[in-house]
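# Analysis of the macromolecular model
Listed here are the chains, written in short residue letters.
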Amino acid sequence: MSQSGYIGRFAPSPSGSLHFGSLVAALGSYLQAKSKQGKWLVRIEDIDPPREVDGASEDILATLSAYGLHHDDRVIYQSQQSTHYEQALKAFKQQQLSYNCDCTRKIIKQQGGLYLGYCRERALSAEDNALRINVAKLAQPITHFYDLLQGEVTLNKQQADEDFIIKRKDGLYAYNLAVVIDDINQGVTEIVRGADLLPTTGKQICLYQLLGQKTPSYIHLPLVVTEPGLKLSKQNHALAIDKQNPIPTLLKALAFLGHEVPALVNKGSCESILNWAVKNWCLTKVPKQTEIQLLSP
Ligand code: GLU
């Protein structure tokens, strides 16, 4: 437990090096945790081997360190957490909260793109099938939640009713399952991340409720986009941020989050800039948009 009870985290997927957008998420979650005298954890989300890039985990950790973003406790790797995921799957099964499904993406697309619970009563075996959570077992679908930056967030009603996948047909654990189980096991009290994950939050709250666990608070930071709707990402070949000369990029990320560092401080080291930023961090200064366009991030 941290001094204050606050535990935050940054949870990158090792699909490439850190880019400016991921630095913003790392920095926002770090400053929010440290300004609350909390702990800041780093978790490598390596549950999707086909999307992983060799050496990316080490590179991400080295980059965080070059930017002075030092984590508390040891780094957790999702690839080593399968016992915990299996335990959760067992609990869901015992309470009949999940079921197997053999519907292909093509079939679901033909039915309008939304999965309508066709396999709920079919009692299919686990072999070669996906595993879905039965959302109808919730007292109420999750149609909205409160975000400490974005305010009241309304989710798509049809998506809220959809039985989503928690283990894929190919045997890989779904992101929504892994992220919730790890956040529970690591005692995370508040999740600070990019606004691209707003739509998945309803599914995650659903899992917390079915597991009878307290939901953390949420802060979804504005996304860095290069044109409306196009987020900076490893997939669209965003440039890796500079490890050799971190200060200009760190200052730019702070400015993106609404914090201009005074001239007296900005000549120092990453550590002295971060010390200033922890003391002066103020969530109300962070822009409330879900995306902000930068021409040359
Ligand atoms: N691993 C996810 C990503 O890199 C972030 C998960 C999260 O913060 O909940 O997009």
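Note that the structure is predicted; figures quoted are calculated from it, not measured.

This part covers the overall build of the chain. Secondary structure summary: the chain contains 9 helices and 13 strands in total. What you see for the chain is a C-alpha radius of gyration of 20 Å, in line with the 19 Å of a compact globule of 297 residues. Of all intrachain contacts in the chain linking residues separated by at least 6 positions in sequence, the fraction that spans at least 24 positions is 78%. Carbon and sulfur atoms make up 51% of the accessible area of the chain, which amounts to about 14600 Å² in all. Charge centroids of the chain, computed over 31 positive and 29 negative side chains, lie 3 Å from each other.

Looking now at the sheet that holds strand S1 (residues 7-10). Pairing is parallel across the open sheet formed by 3 strands, whose spatial order is S1-S2-S3. Looking along the sheet, the strands with just one partner apiece sit at the ends: S1 and strand S3 (76-77). Sheet topology note: the S1/strand S2 (residues 39-44) ladder contains 4 bridges and is parallel. In the sheet register, Phe-10 faces S2, and the bridge partner there is Val-42. Its contacts with the sheet put helix H2 (residues 56-66) on S1, S2 and S3, and the angle it makes with S2 is roughly 155°.

We now examine the environment of Leu-97. With respect to the helices, strands and loops of the structure, Leu-97 is situated in the loop between helix H3 (82-94) and strand S4 (98-101). In this structure Leu-97 comes out as buried when scored by relative accessible area, which is 7%. In this structure the C-alpha to C-alpha distance between Leu-97 and Asn-280, which are 183 residues apart in sequence, comes to 45 Å. If near-sequence neighbours (up to four positions away) are discounted, Leu-97 is found in contact with Phe-92, Arg-132, Ile-133, Asn-134, Lys-137 and Leu-210.

Looking now at the packing of helix H6 (residues 175-185) against helix H7 (residues 198-210). Taken N-terminus to C-terminus, the directions of H6 and H7 make an angle of 55°; their axes are 9 Å apart at the nearest point. Here H6 lies oblique to H7, going by the angle between them. Pair H6 / H7 crosses with right-handed handedness. Side by side, H6 and H7 meet where Tyr-175, Asn-176, Leu-177, Val-179, Val-180, Asp-183 and Ile-184 of the first sit next to Thr-200, Lys-203, Gln-204, Leu-207 and Tyr-208 of the second. Looking at side-chain class alone, the contact of H6 with H7 contains 7 nonpolar, 3 polar and 2 charged residues.

About the criteria used
Residues numbered from 1 in each chain as written. Predicted model: local features only at pLDDT ≥ 70, side-chain atom pairs only at ≥ 80, totals over all residues. Heavy atoms only, no water. Helix = DSSP H or I, 4+ residues; strand = E, 2+ residues; numbered from the N terminus. Rg over C-alpha atoms; globule rule 2.2 N^0.38 Å. Contact = heavy atoms within 4.5 Å. Areas by Shrake-Rupley, 256 points an atom, 1.4 Å probe, with all protein chains shown as cover. Lys, Arg positive; Asp, Glu negative; His and termini not counted. Charge placed at Lys NZ, Arg CZ, Asp CG, Glu CD. Pairing = 2+ DSSP bridges. Axes fitted to C-alpha atoms, helices over the stretch in contact; angles between N-to-C directions. Buried < 20%, exposed > 50% of the residue type's maximum accessible area, 1.4 Å probe, protein only. Parallel < 35°, antiparallel > 145°, perpendicular 65-115°, else oblique. Left-handed = near helix turned anticlockwise from the far one by under 90°. Nonpolar A, V, L, I, M, F, W, Y, C, P; charged D, E, K, R; others polar.

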